[in-house]
Amino acid sequence: MTATYGLFGYPVHHSWSPFIHGMFARQTGQDMSYRLYESPPERFRSEVLEFFRSGGSGVNVTLPHKRIAADLVNELTPRAQLADAVNTVVRRDERLVGDNTDGAGLLTDLQKNLGLQWSSPRILLLGAGGAARGALGPLLGLRPRLLVVANRSAGRALELVRDFADQGPLSGCEFARLEHQHFDLIVNATSASLRGEVPLIPIDVVDSMTTCYDMAYGAGDTAFVAWAKRLGAGRAEQGWGMLVEQAAEAFHLWRGIRPDTAPVLRALRSRAAMAARSPS
Ligand code: NDP
């Protein structure tokens with residue numbers, strides 16, 4: 001019987017996940033379907049539970065439901081517990097297990113796909129929402145000399161830092177406080193790029209040794225990537241690779257097989273490049 005999977009979010013109509021999981025399934029010969037569920041907050045819980053009651057095998061969860069999903073499942077993996085956010089749910093016997101594959105996806109993209117290595121890096125994480133929370137534990141795995149979380153609402157950055165206080169050399173602040181600091185890696189986990197905006201951080205945080213990574217992605221450069229390039233950043237990358245790698249991690253959890261992500265990433269990049277060239 002075809003196993004059924006899906007993505008719950010609001011909105012989700014723009015999502016590339018069916019394309020990605022479709023390619024993974026064909027590549028690995030899995031009999032499965034994957035569809036999108038446009039699920040507003042007031043219906044999310046009942047719709048996910050109904051999906052599993054009617055035989056569904058697993059779901060991905062995206063904005064704005066990742067934290068609510070952590071309350072809905074019966075069990076959390078350690079990394080989902082740390083993040084207090086769930087982007088992947090799998091059925092194990094009659095229990096729902098929630099995982100968070102975002103941070104692992106980010107790290108695989110940085111290290112494996114982009115070939116970036118640092119020794120005791122100075123890291124700046126911008127944002128304090130679900131994606132920042134999911135990335136913080138894995139970024140601490142890079143053994144940074146310093147990891148600063150900065151957010152437009154400074155209180156949320158401080159709260160996030162408090163929750164991870166015993167995990168590494170962390171501090172939190174507002175954007176203006178970043179002046180005159182240098183970072184090896186800046187990860188933009190704000191959603192500013194989705195509106196064509198750039199977080200209002202001082203420009204002197206970027207120099208030719210800085211790698212700037214935007215979790216957001218799009219046809220052409222995101223606003224943050226374009227900004228980083230203008231400032232002469234050593235590298236400026238967007239989140240296509242993270243998207244594919246977090247999906248591969250979810251696929252592995254569901255199907256027990258690790259798909260080859262390289263051809264899927266190539267296909268996505270070429271579609272994005274085509275979309276950037278086409279007049280619309
Ligand atoms: P949330 O809504 O949970 O958090 C949004 C964050 O962005 C908050 O910290 C918010 O600050 C900040 N923010 C929003 N607008 C601005 C702005 N104009 N200037 C500065 N800060 C701003 O979103 P998520 O954490 O779930 O997602 C964040 C981003 O990461 C999105 O772009 C999403 O697409 C991307 N993402 C990419 C993934 C991938 O696989 N590539 C996976 C997951 C997420 P405040 O607290 O002050 O409101």
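Residues numbered from 1 in each chain as written. Predicted model: local features only at pLDDT ≥ 70, side-chain atom pairs only at ≥ 80, totals over all residues. Heavy atoms only, no water.

Trainee: Could you give me a rundown of the site of the ligand, with the residues and numbers involved?
Mentor: Around the ligand sit 27 residues, and of these Ala131, Asn151, Ser153, Arg156 and Glu197 come closest. At a separation of 2.8 Å, an oxygen atom of the ligand approaches a polar side-chain atom of Arg152. Within the backbone of Leu243, an N or O atom sits 3.3 Å from an oxygen atom of the ligand. For the ligand, whose unbound accessible area comes to 940 Å², protein coverage reaches 85%. Secondary structure elements with two or more residues in the shell around the ligand: helix 6 (130-140) and helix 9 (240-255). It is helix 9 that contributes the most residues to the shell around the ligand, three residues altogether. (Near = heavy atom within 4 Å. Polar contact = N/O pair within 3.5 Å; in protein donor to acceptor, adjacent residues only side chain to side chain. Areas by Shrake-Rupley, 256 points an atom, 1.4 Å probe, with all protein chains shown as cover. Helix = DSSP H or I, 4+ residues; strand = E, 2+ residues; numbered from the N terminus.)

Trainee: Lay out the sheet that holds strand 7 (residues 122-126) in plain terms, naming residues and giving numbers.
Mentor: The strands making up a sheet associate through backbone hydrogen bonding, with each pair oriented either parallel or antiparallel. The strand order across the open sheet formed by six strands is 9-8-7-10-11-12, and the pairing between neighbours is parallel. A single partner strand is all that each edge strand has here, and the edge strands are strand 9 (170-173) and strand 12 (235-238). Strand after strand, the sheet turns through a mean of 15° between neighbouring axes, direction not considered. Sheet topology places strand 10 (residues 185-188) next to strand 11 (residues 211-214); four bridges connect them, and they run parallel. (Pairing = 2+ DSSP bridges. Axes fitted to C-alpha atoms, helices over the stretch in contact; angles between N-to-C directions.)

Trainee: Give me the sheet that holds strand 5 (residues 88-92): which residues, what numbers.
Mentor: Spatial strand order, 2-1-3-5-6-4: six strands in an open sheet with mixed pairing. If you trace the sheet from one side to the other, it starts and ends with strand 2 (32-38) and strand 4 (75-76), each paired once. Judged from the seven bridges that link them, strand 1 (residues 3-9) and strand 2 form a sheet pairing that is parallel. Bridging across to strand 2, Gly6 finds its partner in Arg35. Contacts from helix 2 (residues 41-53) reach strand 1, strand 2, strand 3 (58-61), strand 5 and strand 6 (95-99) within the one sheet, and its direction differs from that of strand 1 by about 175°. Against the sheet, helix 9 contacts strand 1, strand 2, strand 3, strand 5 and strand 6, and its axis sits at roughly 5° relative to strand 5. (Contact = heavy atoms within 4.5 Å.)

Trainee: Please give an account of the environment of Val89 that cites residues and values.
Mentor: Looking at the element boundaries, Val89 is found in strand 5. Discounting residues that sit within four places of it in the chain, Val89 has contacts with Phe52, Gly58, Val59, Val61, Val73, Leu96, Val97 and Trp254.

Trainee: Lay out the pairing of strand 12 in plain terms, naming residues and giving numbers.
Mentor: Both strand 11 and strand 12 contribute to a ladder of four bridges, which runs parallel. Looking across to strand 12, one finds that Tyr213 is bridged to Glu237. Once you follow strand 11 into helix 8 (residues 223-230) and on to strand 12, the crossover reads as right-handed. (Right-handed = clockwise from strand over helix to strand, strands pointing away.)

Trainee: I'd love a proper account of unusual backbone geometry, names of residues and values included.
Mentor: With an omega of 5°, the peptide bond running from Tyr10 to Pro11 counts as cis. Its location among the elements puts Pro11 in the loop between strand 1 and helix 1 (17-28). For the bond from Leu63 to Pro64, the omega torsion is -5°, close enough to zero to count as cis. Within the fold, Pro64 resides in the loop between strand 3 and helix 3 (66-72). Look at Asp84: it is not a glycine, yet its phi comes out positive at around 55°. Considering the arrangement of structural elements, one finds Asp84 in the loop between helix 4 (78-83) and strand 5.

Trainee: An account of the pattern of salt bridges is needed here, citing residue identities and associated values.
Mentor: Tallying each qualifying case throughout the model produces 13 salt bridges. Where Arg53 meets Glu50, a salt bridge forms, and the shortest distance between an N and an O atom there is 3.4 Å. With Arg53 and Glu50 both in helix 2 and three residues apart, this pair spans about one turn of that helix. Using a relative accessible area of 63% as the deciding quantity, one classes Arg53 as exposed. (Salt bridge = Lys/Arg side-chain N within 4 Å of Asp/Glu carboxyl O. Buried < 20%, exposed > 50% of the residue type's maximum accessible area, 1.4 Å probe, protein only.)

Trainee: Report on the packing of aromatic side chains, specifying residues and quantitative values.
Mentor: Using the criterion set out here, one finds 12 aromatic pairs in the structure. Ring pairs connect the aromatic residues Phe8, Tyr37, Phe44, Phe51 and Phe52, which therefore count as one cluster. (Phe/Tyr/Trp six-rings, centres within 6.5 Å; stacked < 30°, edge-to-face > 60°.)

Trainee: Give a description of the environment of Val48 that names residues and reports values.
Mentor: Positionally, Val48 belongs in helix 2. Along the backbone, Val48 and Ala69 are 21 residues apart, and their C-alpha atoms lie at a distance of 9.1 Å.

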